[in-house]
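Okay, here's what each chain looks like letter by letter:
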Amino acid sequence: MNAIYDHVGMETLICKGLNKEYEPGKYALRSVSLSIPASGIFALIGRNGAGKTTLVRILATQLMPTSGSATIDGMDVVRDADRLRESIACVPQEARLIGWLTPRQLVMSYLYWRGFGKAEADDRGMAALRKLGIERFANTLGRALSGGIKRKVLVAAVMASEARVLFLDEPTTGLDPISRAELWGTLQKLKKDHFIFLTTHYLEEAERLADTIGILDNGRLMAMGTLEELRGMVRYPYSIKILSKTGVEKPKHGELIVGADGQKQIVTTEDEANRISTKLIRAGVRLSMSPLSLDDIFYYVVRKPIEAGDNNDEEESW
Ligand SMILES: Nc1ncnc2c1ncn2[C@@H]1O[C@H](COP(=O)(O)OP(=O)(O)OP(=O)(O)O)[C@@H](O)[C@H]1O
Ligand SMILES: [Mg+2]
């Protein structure tokens, strides 16, 4: 590897035209290309079956792409897989603790497998359990631990390794709000020394944690950037959520969207949002106005807006 390539490749994640075809004609990833600094936290969001786990598995060198390429810190996920594996660690979506191992034994086993000796594995493992605030469970059998503690043990294992790049596929699924917030705190601390690539269905989690967010849908990377950049990509960055049960018209500059739960929402420009909300408030309509949240952006990106032309509600349109 020459010096220039070395420099360009440092601390970056680059995918070029990644495709994954599990069965003929069935693409889980379609031409995924991205280039981001491999530092901080990257959150990949998308519906069930969008291709998130497939992308994680390819980047974590567990699955071969059908075509295209990807490099992390300048190392190709196929050609340099052995070398790359030393600097990455992954908690798969389906990872479970072994019931008859304690957290200490599990973390140590993982570290032995990664090549650490007994004393170092014990030191590093216990330090990680301590950092995550679960040291007191170190010697409890896995089967006796709650789901949240089990997830934290898995995170402790990867953070105890020497890996700089951590892949966490839905790390907080099934956690209660407090355990989730605790894990967020841990990830925020971890990101100082690690690059964390996580997937999540909790958009609030991506919004709070991620430096960069990618939206994957049907195998395609639909949008990527910071929350502000994503907001800048959508045509209408302001949202008015209609809280009253009332008919509303599509604005001249904007869209009228009806959520699956029937919630009506107008997305529009800031000026138009001010004008419309003043008019609606005068008409007695209850509403909330704000810049688009990641939830809004996500729906906007993965779904075509549905126009609420029917106005079947009993109350009058404004
Ligand atoms: N081993 C496999 N063989 C065939 N098809 C697969 C395989 N693994 C995944 N798929 C298909 O690839 C697509 C993407 O799956 P993937 O697991 O990557 O999605 P995901 O975004 O992680 O979904 P979820 O949010 O439910 O975890 C889906 O249509 C899935 O059925
Ligand atoms: Mg998945």
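The model shown is predicted, which means the values in this text are computed figures rather than measured ones. (Residues numbered from 1 in each chain as written. Chains lettered and ligands numbered in written order. Predicted model: local features only at pLDDT ≥ 70, side-chain atom pairs only at ≥ 80, totals over all residues. Heavy atoms only, no water.)

### Here's the deal with the overall build of the protein chain
Of regular secondary structure, the protein chain possesses eleven helices and 14 strands. Projecting the C-alpha coordinates of the protein chain onto the three principal axes gives extents of approximately 75 × 45 × 35 Å. Per-residue burial over the protein chain gives 52% buried out of 318 residues. Of the contacts made within the protein chain by residues no fewer than 6 positions apart, 70% connect residues no fewer than 24 positions apart. As presented, the protein chain carries roughly 15,700 Å² of accessible surface, and 51% of it is formed by carbon and sulfur atoms. (Helix = DSSP H or I, 4+ residues; strand = E, 2+ residues; numbered from the N terminus. Buried < 20%, exposed > 50% of the residue type's maximum accessible area, 1.4 Å probe, protein only. Contact = heavy atoms within 4.5 Å. Areas by Shrake-Rupley, 256 points an atom, 1.4 Å probe, with all protein chains shown as cover.)

### Things to note about the coordination of the magnesium ion (ligand 2)
Donor atoms from the polypeptide that coordinate the magnesium ion (ligand 2) comprise Thr53 (OG1) and Gln93 (OE1), at 2.0 to 2.1 Å from the metal. In this pair, Thr53 is assigned in helix H2 (residues 52-59) and Gln93 in the loop between strand S6 (88-91) and helix H4 (103-113), connecting sequence segments 40 residues apart. On the basis of relative accessible area, Thr53 is assigned to the partly exposed category, the value being 25%. Take Gln93: its relative accessible area is 34%, and that puts it in the partly exposed class. (Donors = N, O, S within 2.8 Å, 3.2 Å for Na, K, Ca; no water.)

### Thoughts on the packing of H4 against helix H5 (residues 118-131)
Axis separation between H4 and H5 bottoms out at 9 Å; the angle between their running directions is 130°. When the interaxial angle is binned, H4 and H5 end up oblique. Note on packing geometry: the crossing formed by H4 with H5 is right-handed. For the pair H4 and H5, the contacting residues are Pro103, Arg104, Val107, Met108, Leu111 and Tyr112 in the first and Lys118, Ala121, Asp122, Arg124, Gly125, Met126 and Leu129 in the second. (Axes fitted to C-alpha atoms, helices over the stretch in contact; angles between N-to-C directions. Parallel < 35°, antiparallel > 145°, perpendicular 65-115°, else oblique. Left-handed = near helix turned anticlockwise from the far one by under 90°.)

### Digging into the sheet that holds strand S5 (residues 75-76)
Across the sheet, which stays open at both edges, the four strands sit in the order S2-S1-S4-S5 with antiparallel pairing between neighbours. The sheet terminates laterally at strand S2 (26-37) and S5, the two strands that pair on one side only. Packing of H2 onto the sheet brings it into contact with strand S1 (12-23), S2 and strand S4 (67-72), and relative to S1 it is tilted by some 120°. (Pairing = 2+ DSSP bridges.)

### Description of the pattern of salt bridges
The tally for this structure, following the rule as stated, stands at 15 salt bridges. As a salt-bridge pair, Asp217 and Arg47 come within 3.0 Å of each other at their nearest N and O atoms. Highlighted residues: Asp217 in strand S9 (residues 212-217) and Arg47 in the loop between strand S3 (40-45) and H2, separated in sequence by 170 residues. A relative accessible area of 10% places Asp217 in the buried class. Salt bridges sharing partners connect three or more residues here, namely Glu11, Asp73 and Arg164. (Salt bridge = Lys/Arg side-chain N within 4 Å of Asp/Glu carboxyl O.)

### Some thoughts on the nonpolar core
Residues Ile45, Val107, Val153, Leu187, Leu198 and Leu294 are the most contacted members of the largest nonpolar core, which totals 60 residues. Two domains each put at least three residues into this core: domain 1 (3-231) and domain 2 (233-302). With residues near it in sequence (within four places) discarded, Leu198 still touches Ile41, Phe42, Ala43, Leu44, Leu168, Pro171, Leu187, Glu205 and Leu209. (Core = buried A, V, L, I, M, F, W, Y, C linked by side-chain atoms within 4.5 Å. Domains from an automatic or database assignment.)

### Notes on the domain arrangement of the protein chain
Considered domain by domain, the protein chain is made up of domain 1 (3-231) and domain 2 (233-302). Spacing between the C-alpha centres of domain 1 and domain 2 amounts to 35 Å. If you look at the interface, domain 1 gives 16 residues, while domain 2 gives twelve residues. In terms of surface lost to domain 2, no three residues of domain 1 exceed Leu203, Ile215 and Arg231, which account for 45% of the buried area on that side. Put simply, domain 1 and domain 2 have zero salt bridges between them. Where domain 1 packs against domain 2, one counts eight residue pairs in polar contact (both at pLDDT 80 or more). Looking at the side of domain 1 that touches domain 2 element by element, the count peaks at four residues for helix H9 (residues 227-233). Classifying every residue of the side of domain 1 that touches domain 2 gives ten nonpolar, one polar and five charged. (Buried area = accessible area lost by both parts, 1.4 Å probe. Polar contact = N/O pair within 3.5 Å; in protein donor to acceptor, adjacent residues only side chain to side chain. Nonpolar A, V, L, I, M, F, W, Y, C, P; charged D, E, K, R; others polar.)

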